[in-house]
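The chain contents come next:
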Amino acid sequence: MEEIFHQIANCVEFGKVNKTSPYPPDMKGQDGADELTKYALDNGASPVDVLNKGLVIGMEKIGLKFRENKVFVPQVLMSAKAMNTAMLHLKPYFQSGAVKRKGIFVIGTVVGDLHDIGKNLVSMMVEGNGWEVIDLGTDVKAGKFISTIQEHPGCVVGLSALLTTTMGNMEMIVKELQDQVPGTRILIGGAPVTDEFRKKIGADFYSPDPQGAVEYLNRMIA
Ligand code: B1M
């Protein structure tokens with residue numbers, strides 16, 4: 001079974017969704033994350049092992065390559081597609097409680113801002129690392145973050161902003177969260193955001209990329 005986990009990790013790393021998928025060309029005709037995950041579960045592999053020894057390893061590898069500019073957004077999207085397809089087989093185990101997630105991560109692009117490509121990458125990487133992700137989308141007001149946090153006490157919140165103008169909205173949301181749901185951990189990111197800005201607005205952590213967000217979340221529960 002270890003070999004199957006290794007193959008699942010490879011499928012996620014290289015974005016091989018299923019057997020009929022033509023991408024990547026050098027894996028044409030081979031089983032993808034879809035078939036291999038089903039095979040592993042049908043043959044008695046534990047869903048936790050499929051997740052941690054297969055899917056998560058693949059997502060970690062692509063996350064590191066993305067950080068080092070060895071791959072670009074389209075490759076990461078294919079990896080996420082492979083992971084999401086495999087996750088459909090694991091979903092019943094999550095829903096039954098047989099597999100526990102690491103925690104809940106609530107993410108959104110702040111009010112006034114419609115950019116979501118970077119936020120989606122963070123969301124996919126974090127989910128691929130075993131967290132439950134609640135993605136509130138774009139143009140998200142403080143109130144929506146607050147009500148979601150109240151429904152999921154102890155969750156960690158991620159704010160994304162791509163415009164210098166909406167960085168101000170990020171600051172306003174952080175203040176409202178600190179007032180209304182004190183103690184909530186807040187992670188911020190987005191092209192114009194810096195660690196200096198994080199310090200100024202009092203958020204807990206800044207990450208320039210999805211991998212940093214994953215590492216921060218995993219450190220929190222270590
Ligand atoms: Co917009 N846009 N845009 N845009 N757009 C920028 C951001 C801009 C830099 C372009 C430019 O002028 N050179 C500029 C901002 C300038 C500024 O504020 N200083 C700009 C502008 C001005 C605008 C409009 C105002 C244009 C107009 O209408 N006049 C308008 C605003 C709309 C609005 O939001 N209200 C607008 C609209 C759009 C589109 C809708 C056309 C489209 C967005 C489509 C979409 O997202 N679905 C768009 C796009 C695509 C861009 C550019 C070209 C690309 C952004 C992107 O997706 N990058 C961008 C210019 C550029 O960057 N070259 C630009 C790829 C993505 C993977 O990177 O989002 O940085 P990024 O995410 C990274 C990290 O930042 C990090 O991880 C990701 C992966 O490494 N990260 C996090 C992101 N969020 C994180 C959260 C974390 C941690 C890490 O923790 C929570």
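Note that this is a predicted model, so its numbers are computed, not measured.

Peer 1: Would you explain the pattern of salt bridges in this entry?
Peer 2: A pair can form between side chains of opposite charge whenever their charged atoms are brought close. Scanning all chains against the criterion turns up 13 salt bridges. Measuring nitrogen to oxygen at the nearest pair gives 3.0 Å for the salt bridge that ties Asp-209 to Arg-67. With a gap of 142 residues between them, Asp-209 in the loop between β5 (205-206) and α9 (210-221) and Arg-67 in helix α3 (residues 47-67) connect regions that are remote in the sequence. Looking at Asp-209, the relative accessible area reads 15%, which means it is buried. Members of the salt-bridge network, linked through shared partners, are Glu-2, Asp-49 and Lys-53.

Peer 1: Sorry if this is basic, but what is going on with the sheet that holds β5 here?
Peer 2: Paired through backbone hydrogen bonds, the strands of a sheet run either parallel or antiparallel to each other. Here 5 strands make up an open sheet; going across it, the order is β2-β1-β3-β4-β5 and the pairing parallel. Looking at which strands have only one partner, the edges of the open sheet turn out to be β2 (132-135) and β5. Strand direction decides the pairing type here: strand β4 (residues 185-189) and β5, joined by 2 bridges, are parallel. Looking at β5, one finds that Ile-188 is bridged to Tyr-206. Across the sheet, helix α7 (residues 164-180) lies against β3 (156-160) and β4, angled at about 165° from β3, the strand it touches most.

What counts, and at which threshold
- Residues numbered from 1 in each chain as written.
- Predicted model: local features only at pLDDT ≥ 70, side-chain atom pairs only at ≥ 80, totals over all residues.
- Heavy atoms only, no water.
- Salt bridge = Lys/Arg side-chain N within 4 Å of Asp/Glu carboxyl O.
- Helix = DSSP H or I, 4+ residues; strand = E, 2+ residues; numbered from the N terminus.
- Buried < 20%, exposed > 50% of the residue type's maximum accessible area, 1.4 Å probe, protein only.
- Pairing = 2+ DSSP bridges.
- Contact = heavy atoms within 4.5 Å.
- Axes fitted to C-alpha atoms, helices over the stretch in contact; angles between N-to-C directions.

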